[in-house]
Amino acid sequence: MTSPLPGRFGHKHLLGIEGLSPDEITLLLNTADACVEQNRRVDKKQSHLRGLTQINLFFEDSTRTRTSFELAGKRLGADVINMSVQHSSIKKGETLLDTAMTLNAMSPDVLVVRHPNSGAVQLLAQKVTGAVINAGDGSHEHPTQALLDALTIRRRKGRLQGLLVAICGDFLHSRVARSNIYLLNAMGARVRLIAPPTLLPREAERLGVEVFHDMRRGLAGCDIVMMLRLQQERMQGAFLPSTREYFHFYGLDAEKLALAHPEAFIMHPGPMNRGVEIDSEVADDIHRSLIAEQVEMGVAVRMACLEILTGRLRNDTGAR
Amino acid sequence: MTGRRTAYTNVRLLDPASGLDARGALLTEGDAIAELGPRLFAGGMPSGIDEVVDGHGLALAPGLIDMHASLREPGFEHQETIATAARAAAAGGVTTIVATPDTDPAIDNVALVEFVARRARETAAVRILPMGCTTTGRDGERMTEMGLMAEAGAVAFTDGDRPVADALVMRRALSYATAFDLLIVQHVEEPSLVRDGAMNEGEVAMRLGLPGMPAAAETIMVERDLRLVALTGGRWHAASLSTAAAIDAVRQAKRSGLSISCGAAPHNFALNDGDVGEYRTFAKVRPPLRGEADRQAVVAGIADGTIDVIASRHAPRDAESKRLPFVQAAFGAVALETMLPLALGLWQAGNVPLLRVLETMTAGPARILKLPQGRLAAGAPADLILVDLEAPWRVDERRLRSKSKNTPYEGRLVQGRVERTVVAGRTVYDRTAEETRHA
């Protein structure tokens, strides 16, 4: 592993994976690796971010991502504030930019933002002085999810280069899929997308991936099988005829998994719909499933993002 | 009957209706053109001329007719008024605005047509011709009193940027309109295929994670309407075409002799969907910015005459409705002041002959709407523009006269500048005088 040098990260915000160089991704992953070790100690607390304020601004419900960011900030010693802006404020007529400017006046050093509309986090980032981390914008990007997925894979396989990764499910609406594609492509992995055509337009090939509508063919030989969460409202005849039919053709079970590489790992960004996109038998297989590990890596990756964007890198990062 | 006599000398006369492109002069008397030609005043200036405008070799062309502009009054006066739109039009060389009825209330009855006409008389420096709604309140269901509104001055019927989606309603509107020889203008888009679409469906939308508006939505509506035109014998105009397939469909249908015509918006030949960039909401327009192949098809359609009209689709929107996440932001761009230079860009790039470019904004719409203006001819209305065809200038939103500043061309260098605009013999815009005043 190359030793990361502070200052190599050339962005004020982390808005997406698209546009990051392989070196920048590596810097984030190496820094996160160090955080994993810290998080496994009894005393998990550090103080690099002491005196800094982090606001988690969520315009969309999320328990795990918000908790993960909150924990990351607290372990680094930042003051963390959670704000849930549900529809009430929007109904009161306050726009996204009003909210941004109000919060900006409180001088947060870091704003972690999730919003149901693609591009909303970029828009907000133009109006604030602190660093902005995109915690998911619409169907666009979810960069920390892609980073935690990459960290999970790298720790298990020792590399990303040359791996064959299948991403299965609702690509059309998935920010997780887009960020993962950009990251895996940048790091030299090969990506296959697997989904029915209503959730996976052919033009997705323009992203530099292989498109499969037949899951059995798509899984053949894959090192990693990443499942995406399918929103319930998309299964009632709009994009798919039924949950049952989806599971039959695109749900991951032991039989379909057997077509992948014998040592293939299973991943899922959570929360899972058991029996819809993934069968409990494989989701809970401790030898194959990395789902719990992904959650652990999530905290480490978010700590790394906070350190790098605030310019407060730990001293031991490079030594590892 | 005589009026004020103004001589325009030393000009390049450009008249698409007659094919005239020659050095010469033109004389207006009162609100009409009296004489023109290469040899006018060759024997010296006669007596009794009130004003002589020396054109210094600039182009003199008919004032432009913009067949599709949203003026926002009544109901959205914070975005634009008839008066501010008219000022923008005058600066952009537009002497006749055909106004869409997408106001609040929508222009769907005689009283409202008369209201627009009166506000135009009282406040506007250029001619404003209202279009009436095809359906009441633009609900897509109940036909309006088209005959009575036409008598009151409505020049065509449309539901603005809402297509008449129901085929039976459209059939009946087209059919009924034939009794009075009225024109139905359609925003060609199959709404069920577009739904919450925010930009052209394609690679850019996929990368940005934005819901797409497929090109096929336009083709399907064009092809459906063409069948209904064949069924009814109605007169039909597609407000703006933006896709190769729809332009092809119209090209074919024109050969069969239907009474059809179509327009294109400057943004569909001057920009493509790559200009959305990183969620630029000023590039969120109708029809949406398409892919490069479709953009080129629009240029080709203008060149070969399939597209009859360039119309601005002027759609003023305030900053608040644009400074939002892309899917929430309003559609539309201001366009009155940039239509002419962007259209001239087609000529400068060598894609479309100069007279053909001008025809799409003068004789073209005049023919479809049966208007007397839009040409240089003795007896025609004295609606004129004096244009420096080559002068470069940079689009600067602070200098736009529209009340709203939502231009997707901010900072763009364009060529072709209006020096003077004349409506009914009266100068309503004089660039030199304005700039002296502002200096």
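Bear in mind the structure is a predicted one, so any value in this text is a computation, not a measurement.

1. So, the sheet that holds strand S6 (residues 64-69) of chain B
Residues and elements named next belong to chain B. Read across the sheet, three strands follow the order S6-S7-S8 without closing on themselves; strand pairing throughout is parallel. In this open sheet, the two edge strands, each paired with only one partner strand, are S6 and strand S8 (127-130). Across the sheet, the axes of successive neighbouring strands diverge by a mean angle of 20°, strand direction being ignored. Where strand S7 (residues 94-99) lies against S8, four bridges are found, and the strand directions are parallel. Residue pairing across strands places isoleucine 97 opposite isoleucine 128, the latter belonging to S8.

2. Looking at the packing of helix H6 (residues 143-157) of chain A against helix H12 (residues 291-310) of chain A
The relative placement of two packed helices is expressed as an angle between their axes plus a distance between the axes. All names here are of chain A. The interhelical angle for the contact between H6 and H12, taken along N-to-C directions, is 115°, at an axis separation of 8 Å. Note that H6 runs across H12; the crossing there is right-handed. Residue-level contacts link Thr144, Gln145, Leu147, Leu148, Asp149, Leu151, Thr152, Arg155 and Arg156 of H6 to Glu293, Gln294, Met297, Gly298, Ala300, Val301, Arg302 and Cys305 of H12. Grouping the amino acids of the contact of H6 with H12 by side-chain chemistry returns seven nonpolar, five polar and five charged.

3. Looking at helix H7 (residues 215-232) of chain B
All names here are of chain B. Over its 18 residues, H7 runs 26 Å from end to end, which matches the ideal 26 Å to within 8%, given 1.5 Å per residue. Ala217, Glu218, Thr219, Met221, Val222, Arg224, Asp225, Leu226, Leu228, Val229 and Thr232 are the residues of H7 that are buried. On its buried face, H7 is in contact with helix H4 (167-177), strand S10 (183-186), helix H5 (191-194), strand S13 (235-238), helix H8 (244-255) and strand S14 (260-264). Just downstream of H7 lies glycine 233, where phi reads positive at about 75°.

4. Some details on the pairing of strand S5 (residues 59-62) of chain B
Residues and elements named next belong to chain B. Both strand S1 (residues 5-15) and S5 contribute to a ladder of two bridges, which runs parallel. Bridge assignment links leucine 13 to a residue of S5, and that residue is leucine 60. Inspection of the sheet shows S5 paired to strand S16 (residues 384-394) by four bridges, in the antiparallel sense. Residue pairing in the sheet places alanine 59 in a bridge with valine 387 of S16.

5. Quick word on a nonpolar patch on the surface
All names here are of chain B. A contiguous nonpolar surface patch, about 280 Å² in accessible area, is contributed by Met143, Tyr176 and Phe180. For phenylalanine 180, the position within the fold is in the loop between H4 and S10. Judged by relative accessible area, which is 43%, phenylalanine 180 ranks as partly exposed.

6. A word on the packing of aromatic side chains
For any pair of aromatic rings, the description rests on two quantities: the centre-to-centre distance and the angle between the ring planes. Here the structure, examined in full by the defined rule, presents two aromatic pairs over all chains. With centroids separated by 5.7 Å and ring planes inclined at 25°, the aromatic side chains of A:Tyr246 and A:Tyr250 adopt a geometry described as stacked. Highlighted residues: A:Tyr246 and A:Tyr250, both in helix H9 (residues 243-250), separated by four residues, approximately one helical turn. In this pair, the class of A:Tyr246 matches that of A:Tyr250, namely buried. When the ring of B:Tyr176 is compared with that of B:Phe180, the centres are 5.6 Å apart and the planes differ by 65°; the resulting orientation is edge-to-face. On the accessibility criterion, B:Tyr176 (38% relative accessible area) is partly exposed. Positioned above the aromatic ring of B:Phe76, the side-chain terminus of B:Arg72 is 4.1 Å from the ring centre. One residue, B:Lys284, lies across the ring of B:Phe331, its end atom 4.7 Å from the ring centre.

7. Here's the deal with the interface of chain A and chain B
Between chain A and chain B, the contact holds 23 residues from the first and 16 residues from the second. Both faces considered, chain A and chain B share a buried interface measuring about 1,500 Å² in area, 54% of it formed by carbon and sulfur atoms. If you sort the residues of chain A by the area they bury against chain B, A:Asn117, A:Ser118 and A:Glu203 come out on top, with a joint share of 30%. Viewed at the interface, chain B and chain A are joined by two salt bridges. The shortest N-O distance in the salt bridge between A:Arg206 and B:Glu203 comes to 2.8 Å. Joining chain A to chain B, the criterion identifies six residue pairs in polar contact (both at pLDDT 80 or more). Among the secondary structure elements, those contributing two or more residues to the side of chain A that touches chain B are helix H4 (96-104), helix H5 (120-125) and helix H7 (175-186) of chain A. Of the residues that constitute the side of chain A that touches chain B, the class distribution is nine nonpolar, eight polar and six charged.

8. Overview of the confidence of the model for chain B
Looking at chain B as a whole, the pLDDT averages 97, with 100% of positions reaching at least 70. The complex prediction reports pTM at 0.94, with the ipTM value standing at 0.90.

Definitions and limits used
Residues numbered from 1 in each chain as written. Chains lettered and ligands numbered in written order. Predicted model: local features only at pLDDT ≥ 70, side-chain atom pairs only at ≥ 80, totals over all residues. Heavy atoms only, no water. Pairing = 2+ DSSP bridges. Helix = DSSP H or I, 4+ residues; strand = E, 2+ residues; numbered from the N terminus. Axes fitted to C-alpha atoms, helices over the stretch in contact; angles between N-to-C directions. Left-handed = near helix turned anticlockwise from the far one by under 90°. Contact = heavy atoms within 4.5 Å. Nonpolar A, V, L, I, M, F, W, Y, C, P; charged D, E, K, R; others polar. Expected span 1.5 Å × (residues − 1). Buried < 20%, exposed > 50% of the residue type's maximum accessible area, 1.4 Å probe, protein only. Patch = residues over 30% accessible without salt bridge, like charges linked within 9 Å, V, L, I, M, F, W, Y side chains within 5 Å. Areas by Shrake-Rupley, 256 points an atom, 1.4 Å probe, with all protein chains shown as cover. Salt bridge = Lys/Arg side-chain N within 4 Å of Asp/Glu carboxyl O. Phe/Tyr/Trp six-rings, centres within 6.5 Å; stacked < 30°, edge-to-face > 60°. Lys NZ or Arg CZ within 6 Å of the ring centre and 35° of its normal. Buried area = accessible area lost by both parts, 1.4 Å probe. Polar contact = N/O pair within 3.5 Å; in protein donor to acceptor, adjacent residues only side chain to side chain. pLDDT = per-residue confidence, 0-100.

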